[in-house]
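# Summary of structural features
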Amino acid sequence: MDHDKSANLIARAERSIPGGVNSPVRAFKGVGGTPVFFASGEGAWITDVDDNRYIDYVGSWGPMLQGHAFPPVIEAVRARALRGLGFGAPSEIEVELAEAVVERFPAIAKVRMVNSGTEATMTAIRLARGHTGRDMIVKFQGCYHGHSDALLAEAGSGLLTLGLPNSPGVPEDTAKHTLTLPFNDDEAVATAFGRYGEDIAAVIVEPVAGNMGCVPPRPGYLEALRKLTSDAGTVLIFDEVITGFRIGSAGAQGCFGVLPDLTTLGKVIGGGLPVGAIGGRTDIMNRLAPVGPVYQAGTLSGNPLAMTAGLAMLDSLDAAFYESLASTTDRLADGMSALAEAHGVQLAVNRACGMFSVFFKNGTVGNYDDVMAADVDRYRRFFHAMLEQGVYFAPSAFETAFVSGAHGDAEVLRTLEAADRVLASLA
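Described in the following lines is the structure provided in the data block. All values reported here derive from a predicted model rather than from experimental measurement.

## Quick word on the side chain of Ser404
Topologically, Ser404 is positioned in the loop between β16 (401–402) and α14 (409–426). Under the relative-accessibility criterion, Ser404 is labelled buried at 4%. At 3.0 Å, the side chain of Ser404 forms a polar contact with the backbone nitrogen of Ala406. At 2.9 Å, the side chain of Ser404 and the side chain of His407 are in polar contact. Setting aside its immediate chain neighbours within four residues, Ser404 contacts Met64, Leu65, Gln66, Gly67 and Leu325.

Printed below as a string of structure tokens:
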């Protein structure tokens with residue numbers, strides 16, 4: 001494939017944009033080579049500036065649940081734009097989307113719209129601290145909750161030492177209130193609560209991890225988090241920015257039957273436009289200004305275009321859609337596993353409805369250590385070989401592949417045919 005225009009664009013971009021990109025993973029640092037610049041998308045396909053076409057498994061990192069340029073969303077946004085882009089004042093469409101979210105998510109009684117997943121998780125942490133009067137938060141290795149200071153911290157030298165910054169610019173005084181524990185290890189959480197329980201304001205978790213690849217929760221793990229937090233008066237936050245409306249109509253909390261106190265959403269609820277949301281119990285949500293003392297604001301929060309796109313997306317989702325999406329995901333994941341076995345390639349494939357990940361390693365992948373044991377160089381070779389076959393996976397071994405409703409039989413077959421050739425070359 002010819003990528004000359006992409007190469008020229010990244011060289012041009014680097015002169016005016018740090019690294020030439022507006023989000024780090026786009027720089028291809030995890031896989032090497034030249035970032036691909038895209039020009040258009042339709043359904044399951046995207047086209048780059050050099051007119052190469054690919055089956056897309058990035059999907060704008062999750063929002064394109066119905067594929068690119070989904071007609072109901074495009075038509076709704078076009079009609080809305082003709083009436084004005086925004087007012088900085090209330091509009092009916094934000095009420096309609098809020099009602100749709102509350103109706104579908106069992107743990108959300110009230111919801112506040114924001115502009116990104118990072119803003120949603122940042123607000124959730126502040127709200128939990130304001131509600132409990134405590135400072136400490138618990139998060140988990142491999143789970144990413146945006147780039148606010150409190151959530152860019154790692155564990156100190158021991159399992160239960162307080163956090164240290166893992167990004168320049170994050171003050172130690174902020175990071176020290178963050179405790180980072182292993183994902184899928186409820187015993188570690190119980191130990192942490194035994195030592196710090198009265199000081200922990202919140203536990204925040206991706207109920208299905210999506211930022212170290214797709215890593216589902218082990219049986220009983222979410223239930224253990226629910227009990228430990230309830231017993232300690234700690235706020236349990238499910239970060240469903242990825243899983244919300246993707247793995248089911250009520251997100252992970254609907255699939256697993258575990259209800260958090262607060263939920264953060266994004267991606268799908270904007271239909272492809274920038275959006276975020278925080279929702280939860282009425283008593284906690286009513287601590288937000290202007291009702292309560294916890295301050296949060298945003299000039300573009302509840303933007304009519306994003307609200308319109310999100311509502312059009314949610315209106316397109318029903319039980320038949322999720323049944324089909326789960327089936328497509330299973331066919332891709334099972335097909336990848338079978339091909340790897342046939343070619344003698346060690347490959348672990350995790351999946352949840354609409355999400356899957358390939359890890360080049362033997363055995364299961366259930367936590368951060370398992371992910372880090374995978375062969376990153378082999379993924380790099382897999383990525384570039386699949387790209388040349390016209391299949392676009394995430395340019396990082398630590399990201400999830402996203403499946404959409406537009407991925408049909410033809411796309412599944414073509415993907416697996418490409419994977420057959422590529423895995424054979426990696427054997």
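Structure's up, so let's keep going.
## Details of helix α7 (residues 221–232)
For α7, built from 12 residues, the straight-helix expectation of 16 Å at 1.5 Å per residue is met to within 8% by its first-to-last C-alpha distance of 17 Å. For α7, every residue scored as buried is listed here: Tyr221, Leu222, Ala224, Leu225, Arg226, Thr229 and Ala232. The secondary structure elements touched by the buried residues of α7 are β5 (136–140), α6 (186–196), β9 (200–205), β10 (235–239) and α8 (251–256). Gly233, located one to two residues past α7, shows a positive phi value of around 70 degrees.

## Points about the pairing of β9
With six of six residues buried, β9 lies mostly within the body of the structure. Relative to β9, β5 is paired through three bridges, and the arrangement is parallel. Its bridge partner being in β9, Ile137 is matched across the sheet by Ala202. Pairing between β9 and β10: four bridges, direction parallel. Paired with Ala202 across the strands is Val235, a residue of β10. Handedness of the crossover is the feature at issue here: the chain leaves β9, passes through α7, returns alongside β10, and the resulting connection is right-handed.

What counts, and at which threshold
- Residues numbered from 1 in each chain as written.
- Predicted model: local features only at pLDDT ≥ 70, side-chain atom pairs only at ≥ 80, totals over all residues.
- Heavy atoms only, no water.
- Helix = DSSP H or I, 4+ residues; strand = E, 2+ residues; numbered from the N terminus.
- Buried < 20%, exposed > 50% of the residue type's maximum accessible area, 1.4 Å probe, protein only.
- Polar contact = N/O pair within 3.5 Å; in protein donor to acceptor, adjacent residues only side chain to side chain.
- Contact = heavy atoms within 4.5 Å.
- Expected span 1.5 Å × (residues − 1).
- Pairing = 2+ DSSP bridges.
- Right-handed = clockwise from strand over helix to strand, strands pointing away.

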